[in-house]
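A closer look at the structure
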Amino acid sequence: GGDELLLEATSLVDEGMLSEAERVIQEAKEKYRRAKVLSPNVDDFATHELYRLSAATQHDLALSGVADSLHQALLERSKREREAALQRERDQASLQQAIADEQRSEAEKLERLQAGYKAQTEARRRQASEAKDKKMEEARRRRMEDPDAQEAERKFQEFKEKREKDRLEREQQQQQPPIPSPPEATASEGDPP
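Residues numbered from 1 in each chain as written. Predicted model: local features only at pLDDT ≥ 70, side-chain atom pairs only at ≥ 80, totals over all residues. Heavy atoms only, no water.

So, the overall build of the protein chain
- Of regular secondary structure, the protein chain possesses four helices and zero strands.
- Overall, the protein chain shows an N-to-C arrangement of helices and strands of α-α-α-α.
- In terms of overall size, the protein chain is more extended than a compact globule, its C-alpha atoms giving a radius of gyration of 57 Å where 193 residues would be expected to give roughly 16 Å.
- Seen through its principal axes, the protein chain has C-alpha atoms that stretch 175 × 55 × 25 Å.
- Expressed as a percentage of contacts within the protein chain between residues at least 6 apart in sequence, the contacts between residues at least 24 apart total 35%.
- A total of about 15800 Å² of accessible surface is found on the protein chain, and carbon and sulfur atoms cover 52% of it.
- Computing the positive centroid from 35 side-chain charges and the negative centroid from 43, the protein chain places the two 4 Å apart. (Helix = DSSP H or I, 4+ residues; strand = E, 2+ residues; numbered from the N terminus. Rg over C-alpha atoms; globule rule 2.2 N^0.38 Å. Contact = heavy atoms within 4.5 Å. Areas by Shrake-Rupley, 256 points an atom, 1.4 Å probe, with all protein chains shown as cover. Lys, Arg positive; Asp, Glu negative; His and termini not counted. Charge placed at Lys NZ, Arg CZ, Asp CG, Glu CD.)

Section: the side chain of His48
- Note that His48 resides in the loop between helix H2 (18–35) and helix H3 (58–145).
- Residue His48 is classed as buried on the basis of its relative accessible area of 18%.
- Contact partners of His48, with chain neighbours within four places excluded, come to Ser64, Ala67, Asp68 and His71. (Buried < 20%, exposed > 50% of the residue type's maximum accessible area, 1.4 Å probe, protein only.)

Here's the deal with the nonpolar core
- If you look at the biggest cluster of nonpolar residues, it comprises 20 residues, and the most contacted ones within it are Leu6, Val13, Ile25, Leu63 and Leu70.
- Those elements that place two or more of their residues in this core are helix H1 (2–15), H2 and H3.
- Looking at this core element by element, the count peaks at six residues for H2.
- Here Val13 is in contact with Leu18, Ala21, Ser69, Leu70 and Ala73, once residues within four sequence places are set aside. (Core = buried A, V, L, I, M, F, W, Y, C linked by side-chain atoms within 4.5 Å.)

A word on the pattern of salt bridges
- For the structure shown, the criterion picks out 14 salt bridges.
- For Glu122, the salt bridge goes to Arg125, with nearest N and O atoms at 3.2 Å. With a gap of three residues between them, Glu122 and Arg125 both fall in helix H3, about one helical turn apart.
- Judged by its relative accessible area of 52%, Arg125 falls in the exposed class. (Salt bridge = Lys/Arg side-chain N within 4 Å of Asp/Glu carboxyl O.)

Focus on H1
- Compared with the 20 Å implied by 1.5 Å per residue over 14 residues, the 20 Å span of H1 between its first and last C-alpha is a close match.
- Those residues of H1 that sit buried are Gly2, Leu5, Leu6, Ala9, Leu12 and Val13. Here the buried residues of H1 occupy an arc of 120 degrees about the axis, which is enough to place them on one side. Relative to its buried face, H1 has exposed residues pointing more than 90 degrees away, namely Leu7, Asp14 and Glu15.
- Among the structural elements, H2 and H3 are those in contact with the buried residues of H1.
- A positive phi of about 85 degrees marks Gly16, the residue just after H1. (Expected span 1.5 Å × (residues − 1). Arc of directions from axis to C-beta.)

Right under this line is the structure:
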């Protein structure tokens, strides 16, 4: 009867088969109720608290003891599940933090690479500009040292000055009103004025 069911329920609790143990404990309680070996007010308490009955029978206490073992196992499982859920949350938070750290690290690395590339590009640009300036200075110096180049430079300067002078004269002529021609004389060439 009920005693065998309580032994089976104890084994099931020990094996962690808690739902099955709970079903078997309820069966044992019903068998004890039909055998009328439980206290009359047994339904006023949870099965695992039957030991609180003022006139608890041996069967009430046996049923309560096995039900209490089940209750403790359920509490322990619930606690483990909560701890596991908390650990999953912490793991998830750690993972998200690691991802954020990795993204920040990658962004910083990219920023350093871009700064290095910019500095390198600027250095190349500066070197190219300096090389160009140096070549131009060398070309100028060669022109200054070469008599043919000096003569060509002098003629070019004269050409530019003449062109500028001609341009200014054209502008002045365009701005001045035309000078009227003198009136023709009616007297003959031989007449004194």
